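Survey of secondary and tertiary structure
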Amino acid sequence: MTPSSDARFTPFRERIHAIFGMPVHKVTLEAGFTCPNRDGTLAQGGCSYCNVASFSPPTLRARRPVTEQLRAGIARKRRARPGVGGFLAYFQPFSNTYAPVERLRALYEEALAVEGVVGLAIGTRPDCVPEPVVALLAEIAARTAVFLELGLETASDATLARLDRGHDAAAFVDAIERLDAARRAPGGPGTPEPGRPGGLALGAHVILGLPGEGATEVRATADLLAAGGVDSVKVHHFYVAPRTRLADAWRRGEATPPTLEAFARLAADLLERLPAPVAIERLWGELDARRVLAPHWRVGPDQVRARIVAELRRRGSRQGSRALTEVTS
Ligand code: SF4
């Protein structure tokens with residue numbers, strides 16, 4: 001699947017539709033995980049920009065059993081979008097592979113047992129996929145599609161250090177290589193494909209407009225993702241959440257989020273360098289404005305996408321126009 005002439009990039013939504021043969025939506029879960037950057041293993045303060053409440057829907061903050069959350073979320077989605085055919089149980093906040101394997105297995109199996117769930121989506125850090133977790137994901141992916149999302153954020157080790165991420169870009173490369181090897185191994189699950197069950201898809205989360213970063217860093221991030229052979233990329237714009245260390249830097253004028261126009265240029269820089277087969281899951285993160293200090297663009301997702309497409313059109317380019325790596329899958 002390549003970018004349509006109108007969209008100029010490859011939408012994840014269409015990839016998912018092709019794999020399952022029907023519209024499939026995510027239902028977000030809060031399963032009670034933490035992360036090594038908060039529990040004291042690496043640090044206690046978290047990444048400098050992290051205020052989990054700012055990216056979790058309010059319905060998740062009072063945690064309920066996974067089955068209950070899923071049933072309620074599916075019912076809401078079915079009311080809002082009657083044409084949806086199935087759902088991915090999306091383990092989103094914190095690091096959702098950061099627990100003993102048997103606890104992970106129990107949570108994932110509980111989600112898969114809920115009526116309407118056709119696969120898992122799991123967000124985590126690249127340093128939270130040790131070999132036993134890789135083996136568990138490959139085992140589940142042999143029968144049910146699993147979409148793993150690793151938070152890279154940027155390929156720049158200097159920026160990762162400034163953000164107190166607690167891992168470097170090499171940790172991401174190592175995780176992707178081990179996961180890719182597991183899915184391609186004889187008897188491994190392969191990637192999700194139309195017409196057959198299972199498959200392990202590898203995605204990455206990146207942030208554009210980070211302090212100290214411009215087009216050069218964004219292109220380097222795209223090149224790292226392309227070289228790693230990721231299947232999908234989810235983009236967030238850099239924003240400042242209250243009660244974070246970055247909020248203090250923002251008040252001092254040391255961390256300024258991009259304007260919408262600057263963000264559109266960075267998104268175009270990223271897309272041009274990502275090979276066309278890489279599906280774009282999202283081009284910016286929609287947030288509750290009351291939980292964000294900056295930026296306040298006062299636009300919706302359609303307008304943000306339109307700005308990015310307009311920038312690509314202005315350049316006469318599209319996703320993959322300047323890619324250095326061809327993806328083979
Ligand atoms: S952003 Fe993610 S990895 Fe960083 S502290 Fe927050 S939950 Fe942990």
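Residues numbered from 1 in each chain as written. Predicted model: local features only at pLDDT ≥ 70, side-chain atom pairs only at ≥ 80, totals over all residues. Heavy atoms only, no water.

A word on the pattern of salt bridges. Opposite charge on two side chains allows them to pair when their charged atoms are near. Inspection of the entire model under this criterion finds 28 salt bridges. Asp127 is the salt-bridge partner of Arg125, the closest N and O atoms lying 2.8 Å from each other. Assessed through its relative accessible area of 5%, Arg125 is described here as buried. Note on Asp127: relative accessible area 31%, which makes it partly exposed. Put simply, Arg165 and Glu153 hold a salt bridge, and the shortest N to O gap is 3.6 Å. Highlighted residues: Arg165 in the loop between α6 (157-162) and α7 (169-184) and Glu153 in strand β4 (residues 145-153), separated in sequence by 12 residues. (Salt bridge = Lys/Arg side-chain N within 4 Å of Asp/Glu carboxyl O. Buried < 20%, exposed > 50% of the residue type's maximum accessible area, 1.4 Å probe, protein only. Helix = DSSP H or I, 4+ residues; strand = E, 2+ residues; numbered from the N terminus.)

This part takes up the site of the ligand. Around the ligand, the neighbouring residues are Cys35, Arg38, Gly46, Cys47, Tyr49, Cys50, Phe94, Arg125 and Arg165. The class makeup of the residues in the shell around the ligand is 5 nonpolar, 1 polar and 3 charged. (Near = heavy atom within 4 Å. Nonpolar A, V, L, I, M, F, W, Y, C, P; charged D, E, K, R; others polar.)

All right, on to the packing of aromatic side chains then. Taken as a whole, this structure holds 5 aromatic pairs when the rule is applied. The interplanar angle of 85° and the centroid separation of 6.0 Å between the aromatic rings of Phe12 and Phe147 together place this pair among those described as edge-to-face. Taken together, the residues Phe12 in helix α1 (residues 12-20) and Phe147 in strand β4 connect sequence positions 135 residues apart. Judged by its relative accessible area of 8%, Phe147 falls in the buried class. Aromatic pair Phe263 and Trp297: ring centres 5.3 Å apart, planes at 40°, arrangement tilted. Of this pair, Phe263 sits in helix α10 (residues 260-273) while Trp297 sits in the loop between β7 (279-282) and α11 (301-315), placing them 34 residues apart in sequence. Here Phe263 matches Trp297 in class, with each residue buried. Taken together, the aromatic side chains of Phe12, Phe20 and Phe147 make up a single cluster linked through ring pairs. Its end group placed over the ring of Tyr90, Lys26 keeps NZ or CZ at 4.2 Å from the ring centre. Looking at Arg103, its charged tip hangs above the ring of Phe33, at a distance of 5.1 Å from the centre. (Phe/Tyr/Trp six-rings, centres within 6.5 Å; stacked < 30°, edge-to-face > 60°. Lys NZ or Arg CZ within 6 Å of the ring centre and 35° of its normal.)

Time to look at empty space enclosed by the protein. In this structure the tally under the stated criterion is 1 cavity of 30 Å³ or more. Here the largest cavity defines a volume of roughly 70 Å³. Along its surface, the largest cavity is lined by Phe12, Lys26, Tyr90, Ala121, Ile122, Phe147, Leu148, Glu149, Ala201, Gly203, Ser232 and Glu281. Those elements that place two or more of their residues in the lining of the largest cavity are β3 (117-124), β4 and β5 (200-208). Looking at which element gives the most residues to the lining of the largest cavity, the answer is β4, with 3 residues. Counted by class, the lining of the largest cavity contains 7 nonpolar, 2 polar and 3 charged residues. (1 Å grid on protein atoms, 1.4 Å probe; cavity = no way out; pocket = protein on both sides within 12 Å on 5 of 7 lines; lining within 4 Å. Points joined across faces, edges and corners; volume = space filled by probe spheres on them.)

Our focus in this paragraph is helix α8 (residues 215-228). The terminal C-alpha atoms of α8, which comprises 14 residues, lie 20 Å apart, in line with the 20 Å expected from a rise of 1.5 Å per residue. Taken residue by residue, α8 has Val218, Thr221, Ala222, Asp223, Leu225 and Ala226 as its buried positions. Of the residues one or two after α8, Gly229 is the one with positive phi, at around 75°. (Expected span 1.5 Å × (residues − 1).)

All right, on to the side chain of Arg125 then. As for its placement among the helices and strands, Arg125 is situated in the loop between β3 and α5 (131-141). One polar contact links Arg125 to Asp127, side chain to side chain, over a distance of 2.8 Å. Of the polar contacts made by the side chain of Arg125, one reaches the backbone oxygen of Arg165; its length is 2.9 Å. Aside from chain neighbours lying at most four places away, what touches Arg125 is Cys35, Pro36, Asn37, Leu42, Cys47, Ser95, Leu150, Arg165, Gly166 and His167. (Polar contact = N/O pair within 3.5 Å; in protein donor to acceptor, adjacent residues only side chain to side chain. Contact = heavy atoms within 4.5 Å.)

Here the focus is the side chain of Glu30. Among the structural elements, Glu30 can be located in the loop between β1 (24-29) and α2 (52-55). A relative accessible area of 12% means that Glu30 is categorised as buried. Among the polar contacts listed, one links the side chain of Glu30 to the backbone nitrogen of Gly32, at a separation of 2.8 Å.

Time to look at the environment of Gly21. Along the polypeptide, Gly21 turns up in the loop between α1 and β1. Since its relative accessible area comes to 61%, Gly21 is described here as exposed.

The next point concerns the sheet that holds β3. Within the open sheet, the 7 strands sit side by side as β1-β2-β3-β4-β5-β6-β7. Their pairing is parallel. Two strands bound the open sheet, and with one partner strand each, they are β1 and β7. On average, adjacent strands in this sheet sit at an angle of 25° to one another, irrespective of strand direction. Each of β2 (86-91) and β3 is contacted by helix α4 (residues 101-112), which is oriented at about 145° to β3, the strand it contacts most. Relative to the sheet, α8 contacts β4, β5 and β6 (232-237), its axis offset from that of β5 by approximately 175°. (Pairing = 2+ DSSP bridges. Axes fitted to C-alpha atoms, helices over the stretch in contact; angles between N-to-C directions.)

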